[in-house]
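Letter by letter, the chains look like this.
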Amino acid sequence: MFNKTIYEKLLVSRRFGEKLVLLDKTGSTNSWIAGRLDDLDIDKLTVVAETQTEGRGRFGRRWFSPPGVNLAFSLAWRAPETFKLLNLVTMTAGIALAEAVADVTEAEPKLKYPNDLILAGKKAGGILSEFKKTGTGSYIVIGAGVNVNTEQDSFPDEIRDTATSILLACGKTVCREALLAIFMNMLEKWISTLTTRGAGPVLERFYQFSIPFVGRGVTVTIEGETVKGSVAGLSDIGELMIETSPGVIKKINSGETVFER
Ligand code: BTN
């Protein structure tokens, strides 16, 4: 069972994660928090579920959430109404996650644009950011799922070859409470960097963690439409810049991204 006392001892952030709600089971922590956005202290609230019955990934995919071994959590950030750069927030949370994983293991975590945490070449976690508007404001719900202490045999067949966990990649059991607390500390640092200094430092840090993708062939599918080309880099607000034909650059801020090998 997730131990709140250990978590609270390691939490430095006074902005994120101060009020932790622990659930044995819920459908999706993103949906749980999205139903409470009008709570006054929503900015400080984080929900952690030991298991999710309808954990969601991007593009409506299911997210595997077995009981008691991983991290599945969500928090809400009260964002300016015009702030719809979900990829940038996702990347910011990804940096916080990679830094937290690097802190509690000897692993070298990588990020795959825009939202995957990669260990030893396989997916160990993902982030789902969702923009929500209510009568009182606009919010970005940030949800993260991390395969922490999952054993190989417990992955469902369809992801067994492509998914991994920190345990499998690093060969040791990791303290989920420490991982979550350090994530919150890092998230505070990087969200504050994003809001005070803009996207520049976030992009720079993202490139440091990222698997190489500039120059690679890429296909992005957005609402049934496909954009193909080679990656020219990230724009100054974190859009994927794709050279679709010589000298023609398209900037993409959403969609399912598949890089060629
Ligand atoms: C992805 O890689 O597609 C994103 C996965 C995000 C999963 C997390 S688990 C906690 C939160 N609740 C959800 O239903 N999804 C996110």
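See above for the structure.
A brief structural summary. (Residues numbered from 1 in each chain as written. Predicted model: local features only at pLDDT ≥ 70, side-chain atom pairs only at ≥ 80, totals over all residues. Heavy atoms only, no water.)

## Observations concerning the pattern of salt bridges
Spelled out, the test is: Salt bridge, as used here: a side-chain nitrogen of Lys or Arg that lies within 4 Å of a carboxyl oxygen of Asp or Glu. What counts as a helix is a DSSP run of H or I of at least four residues, what counts as a strand is a run of E of at least two, and both are numbered from the N terminus. The rule is simple: take the accessible area with a 1.4 Å probe, protein chains only, and divide by the maximum for that residue type; under 20% is buried, over 50% is exposed, in between is partly exposed.
Evaluated as defined, the whole model comprises 12 salt bridges. For Lys172, the salt bridge is made with Glu106, and the minimal N-O distance between the two is 3.8 Å. Taken as a pair, Lys172 in the loop between α4 (166–170) and α5 (176–197) and Glu106 in the loop between α3 (86–104) and β4 (110–112) lie far apart in primary sequence, 66 residues in all. Lys172 sits in the partly exposed class, given a relative accessible area of 34%.

## Regarding the sheet that holds strand β12 (residues 256–259)
This is how the line gets drawn: If DSSP finds at least two bridges between two strands, the strands pair. Between N-to-C directions, angles cover 0 to 180 degrees, with each direction set by a line fitted to C-alpha atoms, over the stretch in contact for helices.
Sheet architecture is open: 5 strands sit in the order β11-β10-β9-β8-β12, paired in antiparallel fashion. Either end of the sheet is taken by a strand with one partner, and the two such strands are β11 (248–252) and β12. Across the sheet, the mean angle from the axis of one strand to that of its neighbour is 40°, orientation sign disregarded. One ladder, built from 5 bridges, connects strand β10 (residues 240–245) with β11; its direction is antiparallel. Residue pairing across strands places Ile242 opposite Lys250, the latter belonging to β11.

## Points about the nonpolar core
Stated precisely, the cut-off is as follows: The criterion is simple. A nonpolar core is a set of buried Ala, Val, Leu, Ile, Met, Phe, Trp, Tyr and Cys residues joined through side-chain atoms within 4.5 Å. Domain extents, as shown, originate in an automatic or database domain assignment. Any two residues whose heavy atoms approach within 4.5 Å are treated as being in contact.
In terms of nonpolar packing, the biggest core is built from 63 residues, with Phe73, Leu179, Leu180, Phe183, Met184 and Leu240 touching the most fellow members. Take this core: its biggest share by element is 12 residues, from α5. Two domains each provide a minimum of three residues to this core, namely domain 1 (4–209) and domain 2 (217–259). Apart from residues lying up to four places away in sequence, Phe183 is in contact with Phe73, Leu75, Ala93, Ala96, Leu97 and Ala100. Judged by nonpolar contacts, the second largest core, of 10 residues, contains Leu23, Ile33, Val47 and Val141.

## Looking at α3
Using the following cut-off: Every helix has an expected span of 1.5 Å times one less than the residues it contains.
Here α3 contains 19 residues, and its C-alpha end-to-end distance of 27 Å stays within 8% of the 27 Å for a straight helix at 1.5 Å per residue. Counting buried positions along α3 gives 16 out of 19 residues, so the element sits mostly inside the fold.

## Digging into the site of the ligand
Keep this limit in mind: Definition of nearness: a residue and a molecule or strand are near each other if at least one heavy atom of the residue lies within 4 Å of the molecule or strand. Here a polar contact means two N or O atoms within 3.5 Å. Within protein one must be a hydrogen donor candidate and the other an acceptor candidate, and residues neighboring in sequence count only if both atoms are side-chain atoms. All accessibility values rest on the Shrake-Rupley procedure with a 1.4 Å probe; residue burial counts only the protein chains present in the view. Following the grouping adopted for this structure description, the nonpolar residues are Ala, Val, Leu, Ile, Met, Phe, Trp, Tyr, Cys and Pro, the charged ones are Asp, Glu, Lys and Arg, and the polar ones are all others, Gly among them.
Around the ligand, the surrounding shell holds 20 residues, and the nearest of these are Ser28, Gln52, Arg56, Arg58 and Lys123. With respect to the ligand, the backbone of Arg58 contributes an N or O atom lying 2.7 Å from an oxygen atom. Here Lys123 contributes a side-chain N or O atom positioned 2.5 Å from an oxygen atom of the ligand. For the ligand, whose accessible area on its own is 410 Å², the fraction buried by protein is 98%. Secondary structure elements with two or more residues in the shell around the ligand: α2 (29–34), β3 (71–78), β6 (122–133) and β7 (138–146). At 4 residues, β6 tops the list of elements feeding residues into the shell around the ligand. Across the shell around the ligand, the residue classes tally to 6 nonpolar, 11 polar and 3 charged.

## What to know about helix α6 (residues 199–209)
Within α6, burial applies to Ala199, Pro201, Val202, Leu203, Phe206 and Phe209. Buried residues in α6 make contact with α3, β4, α5 and β9 (225–234).

## Structural notes on unusual backbone geometry
The step from Tyr113 to Pro114 runs through a cis peptide bond, and the omega angle for that step is -5°. Summarising the element assignment, Pro114 is placed in the loop between β4 and β5 (116–119). In the Ramachandran plot, Phe59 falls in the positive-phi region, its phi being about 55° despite a non-glycine side chain. Examined against the element boundaries, Phe59 turns out to sit in the loop between β2 (45–52) and β3.

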